[in-house]
Amino acid sequence: MRDPYSVLGVSSNATDQEIKRAYRELARKYHPDNYANNPLADLAEEKMKEINEAYETIQKQRSGGGGGSYQQSSGGGYGYQQSGQQYGGSGNPTYSRVRNMIQMGDLNGAEQLLREVPQKNGEWYFLMGSIAYRRGWLDEAMQNYNLAVQMDPNNLEYRQALAMMQRGGQAYRPYGGGGMDSLDCCTTMLCLNCLCNGCG
Amino acid sequence: MFGYVRPVREELKCKDFDRYRATYCGLCGTLRQRYGWIAPMFLNFDFTFLALLLCKGETQFPVCRGRCHANPFLKKTMCASNEALVAAADESVILTYWQLKDKVQDSSVWKGIPYRVLCLLLYTAYRKAARQRQAFDLLVQKQLQSLAQLEGENCQSLDRAADTFAVLLQGAAIPREDVGEERAMKELLYHLGRWIYLIDALDDFKQDQKEGNYNPIQQRFSGEPHQEQMAVTLNHSLNLMCSAAQLIDFGCRWAIIENILYLGLPLVQKAVLDGTYQQVKKQKIWRSNL
């Protein structure tokens, strides 16, 4: 296990304030919003877990309690939730197979399966867009999401995917961040979160 | 590659600028050592960035002193040759050679003569580099071939055309100790390649239109490029590059890489989109308030 201070990038005699600031910055960097639908989301999640564990360990050490044992985090830090599961799709068995294949990274197989479907509906275009997105074909992904929303304007999943494309994705910005409104909301959440942590 | 990838100098700390220059000189020196006096002439900023990316994440920057290739009376501080510089040097020779070959095929007999001469001059260096990196050499040939095929078909998809160059650049990655970092590096290089290809297409748009050459952006939008849509898709690639870079430990080189990704590339993109890039390049003004 790595030294919790080096995980947060601070020296072992840093003040509580400095540690909190470093933690907050790192949590902002690996925030799930920055890796939504990203093929590297699992790596960011790992980093986030490491940071949360390090922060909790330091807090326990400093409050004189734990003495450096790594316990399972009890939901104190900022974490990733499995968000992929909340949309079930339409229940078409082929489409759910395609979804699974995309999840597993078998993009060619998923595309082949999808091309065999005779009738194209909103979900078809959405899944085609998801395959293109995973490949890094951002322009085609946008076009497909657009068609999906046109065919099925009430579907939240398609609309969210299209909105993400129209924003041009999202990434952590160290230089003050330019024109990213959603970040403000995230930082507020993080600050609140840290405050709660500080009390507990 | 084409020299679009550069740092914003005013925003770099002195030590980071020195490190950037040392990497540039180190790569030049490595090319000189391995391939003689012709190959270093093809060195550009993009390959320097590639070398920076491929380096292991040391916390201490390894330096040595060496003679400058351009001016042998001068001694310069340069990055000590390592695995990453060697890889970047080999790959730059291979890529440059095939791009020259491509230009020979694209131009008429008379206009192609300078490229033929350059190809001939670079041939021995290329042979040696191709022996060292067979897989990359084959990949470059394959990808440029499929790009030529897509051009012949007047491919309407931006992504399919850009994908050829993106996959090519992805192949420039060298193994890293951490499997996760290697994945992130591949993602980063893919979108760097995509971004470079699209920026180049955008930059050449007017000229291609005049000469009637294939241009993916013209095919996609049938006419004038939609600046906004291009900006969105380019920004998206930049965002994905940044997200991937955050997952890799670059050690002491992070400040330079961060500057290039977060400031340098957006600056070039802005200039290319509003059409001022050619002028900027000609006059060599690189101010952040451009």
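What counts as what
- Residues numbered from 1 in each chain as written.
- Chains lettered and ligands numbered in written order.
- Predicted model: local features only at pLDDT ≥ 70, side-chain atom pairs only at ≥ 80, totals over all residues.
- Heavy atoms only, no water.
- Helix = DSSP H or I, 4+ residues; strand = E, 2+ residues; numbered from the N terminus.
- Buried < 20%, exposed > 50% of the residue type's maximum accessible area, 1.4 Å probe, protein only.
- Contact = heavy atoms within 4.5 Å.
- Areas by Shrake-Rupley, 256 points an atom, 1.4 Å probe, with all protein chains shown as cover.
- Buried area = accessible area lost by both parts, 1.4 Å probe.
- Salt bridge = Lys/Arg side-chain N within 4 Å of Asp/Glu carboxyl O.
- Polar contact = N/O pair within 3.5 Å; in protein donor to acceptor, adjacent residues only side chain to side chain.
- Nonpolar A, V, L, I, M, F, W, Y, C, P; charged D, E, K, R; others polar.
- Core = buried A, V, L, I, M, F, W, Y, C linked by side-chain atoms within 4.5 Å.
- Patch = residues over 30% accessible without salt bridge, like charges linked within 9 Å, V, L, I, M, F, W, Y side chains within 5 Å.
- Disulfide = S-S within 2.5 Å.
- Phe/Tyr/Trp six-rings, centres within 6.5 Å; stacked < 30°, edge-to-face > 60°.
- Lys NZ or Arg CZ within 6 Å of the ring centre and 35° of its normal.
- Lys, Arg positive; Asp, Glu negative; His and termini not counted.
- pLDDT = per-residue confidence, 0-100.

**Description of the overall build of chain B**
Alright, step 1. The helix and strand tally for chain B stands at twelve helices and two strands.
Alright, step 2. Moving toward the C terminus, one meets the helices and strands of chain B in the order α-α-β-β-α-α-α-α-α-α-α-α-α-α.
Alright, step 3. Here chain B holds 290 residues, and 55% of them are scored as buried.
Alright, step 4. Within chain B, residue pairs in contact and separated by at least 24 positions form 71% of the contacts whose partners lie at least 6 positions apart.
Alright, step 5. Only carbon and sulfur atoms are counted for the fraction: they give 52% of the accessible area of chain B, which is about 13700 Å².

**A look at the interface of chain B and chain A**
Alright, step 1. Counting residues at the interface gives 29 residues for chain B and 31 residues for chain A.
Alright, step 2. Note on chain B versus chain A: buried area summed over both sides is about 2700 Å², and carbon and sulfur give 53% of it.
Alright, step 3. It is H236, Q246 and L247 of chain B that lose the most area in chain B upon contact with chain A, and together they represent 23% of the buried surface on that side.
Alright, step 4. Where chain B packs against chain A, one counts three salt bridges.
Alright, step 5. A salt bridge links D42 of chain A to R183 of chain B; the nearest nitrogen and oxygen atoms lie 2.9 Å apart.
Alright, step 6. In this structure, the connection of chain B to chain A is made through 19 residue pairs in polar contact (both at pLDDT 80 or more).
Alright, step 7. When residues of the side of chain B that touches chain A are traced back to their parent elements, those giving at least two are α6 (158-170), α7 (179-203), α10 (227-245) and α11 (254-273) of chain B.
Alright, step 8. Top contributing element to the side of chain B that touches chain A by residue count: α10 of chain B, with ten residues.
Alright, step 9. Classifying every residue of the side of chain B that touches chain A by side-chain character gives ten nonpolar, eleven polar and eight charged.

**What about the nonpolar core?**
Alright, step 1. Ranked by internal contacts, the top residues of the largest apolar core, which has 116 residues, are L8 of chain A together with L188, L192, W195 and L261 of chain B.
Alright, step 2. Residues in contact with L192 of chain B, not counting those within four places in the same chain, are V5, F49, L53, L169, M241 and L265 of chain B.
Alright, step 3. Counting 32 residues, the second-largest nonpolar core is a separate cluster that includes L114, M128 and Y158 of chain A together with L240 of chain B.

**Overview of a nonpolar patch on the surface**
Alright, step 1. Taken together, the side chains of V109, W110, I113, V117, L118 and L121 of chain B present a nonpolar region at the surface, about 600 Å² in accessible area.
Alright, step 2. Along the chain, W110 of chain B falls in the loop between α3 (83-106) and α4 (113-132).

**What to know about the state of the cysteines**
Alright, step 1. What the rule picks out here adds up to zero disulfides over all chains.
Alright, step 2. The cysteine C25 of chain B is free of any disulfide, with C68 of chain B supplying the nearest cysteine sulfur at 6.1 Å.

**Regarding the packing of aromatic side chains**
Alright, step 1. Going through the model one piece at a time under the given rule, you end up with twelve aromatic pairs over all chains.
Alright, step 2. Between F250 of chain B and W254 of chain B the ring centres are 5.9 Å apart and the planes differ by 5 degrees, which places this aromatic pair in the stacked class. Considered together, F250 of chain B and W254 of chain B belong to a single accessibility category, that of buried residues.
Alright, step 3. Among the aromatic side chains, those forming a connected cluster through ring pairs are Y97, W98, Y123 and Y126 of chain B.
Alright, step 4. A cation over a ring is seen here: R135 of chain A above W137 of chain A, with NZ or CZ 5.3 Å from the ring centre.

**Some remarks on the environment of F49 of chain B**
All names here are of chain B.
Alright, step 1. Here F49 is to be found in helix α2 (residues 45-54).
Alright, step 2. Taking relative accessible area as the criterion, F49 reaches 0% and is therefore assigned buried.
Alright, step 3. With 44 residues separating them along the chain, F49 and V5 place their C-alpha atoms 7.1 Å apart.
Alright, step 4. Leaving out residues up to four positions away in the same chain, F49 has contacts with V5, L192, I257, I260 and L261.

**Topic: the pattern of salt bridges**
Pairs can form between side chains of opposite charge whenever their charged atoms are close.
Residue and element names in this part refer to chain A.
Alright, step 1. This structure, assessed with the given rule, holds 17 salt bridges over all chains.
Alright, step 2. Here R28 ties to E25 by a salt bridge, and the two come within 3.5 Å at their closest N and O atoms. Linking R28 with E25, this pair stays in helix α2 (residues 16-29), spanning three residues, or about one helical turn.
Alright, step 3. For E111, the salt bridge identified is with R135, shortest N-O distance 2.9 Å. Of this pair, E111 sits in helix α5 (residues 107-115) while R135 sits in helix α6 (residues 122-135), placing them 24 residues apart in sequence.

**Details of the side chain of E91 of chain B**
All names here are of chain B.
Alright, step 1. Mapped onto the elements, E91 comes out in helix α3.
Alright, step 2. For the buried residue E91, which engages in no salt bridge, the nearest side chain bearing the opposite charge is R133, 4.7 Å off.
Alright, step 3. Contact partners of E91, with chain neighbours within four places excluded, come to L50, L54, R133, F136, G171 and A172.

**Details of α5 of chain A**
Residue and element names in this part refer to chain A.
Alright, step 1. Those residues of α5 that sit buried are L107, G109, A110, E111, L113 and L114.
Alright, step 2. Buried residues along α5 sit against α4 (93-104) and α6.
Alright, step 3. Its side-chain oxygen placed 3.2 Å from the backbone nitrogen of G109, D106 serves as the N-cap of α5.

**Some words on the confidence of the model for chain A**
Residue and element names in this part refer to chain A.
Alright, step 1. Per-residue pLDDT for chain A has a mean of 79; in total, 74% of the residues score no lower than 70.
Alright, step 2. Confidence, read as mean pLDDT per element, is least for helix α9 (residues 181-199) in chain A (46) and greatest for helix α7 (residues 138-151) (94).
Alright, step 3. pLDDT under 50 marks residues 66-76. Its contacts with residues more than four places away, or in other chains, come to 14 contacts.
Alright, step 4. Note on residues 177-192: pLDDT under 50 across the span, and 16 contacts to partners over four residues away in sequence or across chains.

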